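# Notes for the structure review
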Amino acid sequence: MSVSTTISLAKFLTKLKNLLKDFLSQDQILDQEIDRFLYETDATSLFKNQAAMVLLPNNTNEVAKIIQAINIINLEIKEFKQENIFKPEAKNLSTINFVARGAGTGLSGGAIGKESSVIISLARLNKLISYDAFNRTAVVETGLVNAHLSAHTKSQKLHFSPDPSSQEACTIGGNIAENAGGIHCYKHGLTSDQVLGLEIVTAQGQIEYLGEFHAGFKNSRLDLARFFVGSEGTFGIATKALVKLQPIPESFITMQISFDSIAEATKFISAVIKAAFRPTALELIDSGAIEAVKAAYQLNLAPKTKAIVLLELDGNNSEIVEEAKLIREEILINFQILDLKTTQDQNERKFLWKVRKGTVAAFGQIAPFWYLYDAVVPRSKIPEAMREIEKISDKYKLKLATVAHAADGNLHPNFLYDPDKDPEVIERIHQASHEIMQLCIQLGGVLSGEHGIGLEKKEYMTFMFSSQELELMYSIRKIFDPDVISNPDKIFPIRICKEC
Ligand SMILES: Cc1cc2nc3c(=O)[nH]c(=O)nc-3n(C[C@H](O)[C@H](O)[C@H](O)COP(=O)(O)OP(=O)(O)OC[C@H]3O[C@@H](n4cnc5c(N)ncnc54)[C@H](O)[C@@H]3O)c2cc1C
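This text gives an overview of the structure that appears in the document. (Residues numbered from 1 in each chain as written. Predicted model: local features only at pLDDT ≥ 70, side-chain atom pairs only at ≥ 80, totals over all residues. Heavy atoms only, no water.)

What follows is about the overall build of the protein. In terms of helices and strands, the protein carries 17 helices and 19 strands. For the protein, whose C-alpha radius of gyration is 24 Å, the value lies close to the compact-globule estimate of 23 Å for 500 residues. Along the three orthogonal principal directions, the C-alpha set of the protein runs to about 80 × 55 × 40 Å. For the protein, with 500 residues in total, the buried portion stands at 54%. Partitioning the intrachain contacts of the protein with sequence separation of at least 6 by distance along the chain shows that 71% fall at a separation of at least 24. Summed over its atoms, the accessible surface of the protein is roughly 21800 Å², and 53% of this surface lies on carbon and sulfur atoms. Of the charged side chains in the protein, 54 are positive and 61 negative; the average position of the first set lies 0 Å away from that of the second. (Helix = DSSP H or I, 4+ residues; strand = E, 2+ residues; numbered from the N terminus. Rg over C-alpha atoms; globule rule 2.2 N^0.38 Å. Buried < 20%, exposed > 50% of the residue type's maximum accessible area, 1.4 Å probe, protein only. Contact = heavy atoms within 4.5 Å. Areas by Shrake-Rupley, 256 points an atom, 1.4 Å probe, with all protein chains shown as cover. Lys, Arg positive; Asp, Glu negative; His and termini not counted. Charge placed at Lys NZ, Arg CZ, Asp CG, Glu CD.)

Okay, here's the thing in structure tokens:
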């Protein structure tokens, strides 16, 4: 941006701030260097950019008024540009846009703004408004942390079932925007399966209701609430949600099975699914990740363990005891395993999942940074994909550790790195990621399992979708947000999004 354009933008941002001061207090408007620095990225270590300011509304009305104020200033910007069409300070001046932010745990750069962005944090919209144990539903403000909802409803033996590993921090709004999954989603479904209705603020600042927000029952209209799920903040801001609550299963059986190869572990996973069992979780951990968790959690594993499968069954106790017996006696018997631990003890179970969900924390003992990639292939292609990913990682001299929601073919290769010791490493990670994405598409996979496209993968959209398909998606986005001011720059490649 040229100096004169920067000066023009600053002038309009000051006007916006003056409008905002009419209804927001000082502590709700953060625009100091330190604030902008704190919000410059999400959990994606490779992307960062500072927005103009960060706003902390207390309720839906304030969100709506903020967006209305942005629209007022944008009209002035458009007039200014028309009146000064040949002047450099007007030529490249963009309108002001907004970016919703939950907890900033996103892994595709979705909550990152730019110089002309206002970050609208949902952190203060964090209330459970009500829940109905009879209809198994809850109405929440979308800044509510995922795990806090289940903590509130535990006494009724109900929970919000999507369980991303980040669930102690991430918000339900972020889950909705990314259609988040989690370890137990293979059986219980993704966020889209749990949303019945939404209150949203549109890009024009109107409050609208999608789906069955008031009634909580299905009917035959277009299901716009589920359509909104996965839109990554580009359709406006979700401020309240009516979500389903699921019964907490009566019993669990957790198995930790050690194998001497990934190939053997994934054959076992496929055999379990082919035999029509429906475990609630089927997780795979490779040798790189085993090295990290073994040291961090003092795990006692069989020597030569190269892959661990965590399998969990949930439901009626006698039924899952029978299922576990069948898995052991009819499936596992055909495989070379190094070790099997089976537990129904709650503390042991918690520990096993703490180790899996804490893999990322364990990486900290190996390197100060990690980059977690989201890749998907058909389940039968997991061994081939993991072999090739290892080759790509070796080619670019990267330290690799992979975990996978294997039942869904959803791989998470992690690159552990230290840019101080290896300044070129980030460029090599980008190159490796590019090759991994091409590999997954060749193997019949898709671009993302659960972390979204965001900034990270928007240029890869052309690997998978034709120009016509992208144009169609973009035209739908523009129905919700005609001026492209709600989280621009995300999802669509630059050649499709002319406004980005
Ligand atoms: C250690 C770790 C483990 C993870 N494990 C998983 C996992 O198992 N499964 C999984 O799916 N993800 C996982 N994630 C990714 C991340 O936690 C999820 O994508 C989560 O849903 C993001 O929620 P958030 O509140 O942090 O959203 P943010 O990062 O703040 O935002 C994410 C996107 O949502 C948009 N957004 C946020 N709130 C709203 C709203 N109210 N209305 C409209 N748009 C909004 C933002 O603009 C942005 O585009 C993990 C992340 C980490 C760091």
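From this point, the discussion proceeds with the structure in view.
With that settled, the discussion passes to the sheet that holds strand S10 (residues 237–244). Where strands meet in a sheet, backbone hydrogen bonds hold them as pairs that are either parallel or antiparallel. Taken in spatial order, the five strands make up an open sheet running S5-S6-S10-S8-S9, and their pairing is antiparallel. Each of the sheet's edge strands pairs with one partner strand only, and the pair in question is strand S5 (128–132) and strand S9 (207–211). Looking at each pair of strands side by side, their axes are set apart by 15° on average, direction ignored. Bridging between strand S8 (residues 195–201) and S9 involves five bridges; their strand directions are antiparallel. Its bridge partner lying in S9, Val201 is registered against Ile207. The sheet contacts of helix H5 (residues 146–153) involve S5, strand S6 (137–141) and S10, and relative to S5 the element is tilted by about 45°. (Pairing = 2+ DSSP bridges. Axes fitted to C-alpha atoms, helices over the stretch in contact; angles between N-to-C directions.)

What follows deals with empty space enclosed by the protein. One pass over the structure, following the stated rule, counts two cavities of 30 Å³ or more. In this structure, the largest cavity occupies an estimated 50 Å³ of space. In terms of lining residues, the largest cavity is bounded by Gln256, Ile285, Leu299, Ile308, Leu310, Leu352 and Val355. Looking at the lining of the largest cavity, the elements that each hand over two or more residues are strand S14 (307–315) and helix H12 (346–357). Its residues placed into classes, the lining of the largest cavity shows six nonpolar, one polar and no charged. Roughly 40 Å³ of volume is contained in the second largest cavity. Lining the second largest cavity are Gly182, Ile183, Cys185, Tyr186, Ala281, Leu282, Glu283, His405, Ala406, Ala407 and Asp408. Listing elements by their share of the lining of the second largest cavity, those giving two or more residues are helix H7 (185–188) and strand S13 (281–286). Top contributing element to the lining of the second largest cavity by residue count: S13, with three residues. (1 Å grid on protein atoms, 1.4 Å probe; cavity = no way out; pocket = protein on both sides within 12 Å on 5 of 7 lines; lining within 4 Å. Points joined across faces, edges and corners; volume = space filled by probe spheres on them. Nonpolar A, V, L, I, M, F, W, Y, C, P; charged D, E, K, R; others polar.)

Quick look at the nonpolar core now. Counting 64 residues, the largest nonpolar core has Phe268, Leu284 and Leu411 as the members making the most contacts within it. Among the elements that line this core, the one with the most residues is helix H15 (residues 425–442), at seven residues. Core analysis: the next-biggest nonpolar cluster, separate from the first, contains 32 residues, Leu13, Leu93, Ala203 and Ile485 among them. (Core = buried A, V, L, I, M, F, W, Y, C linked by side-chain atoms within 4.5 Å.)

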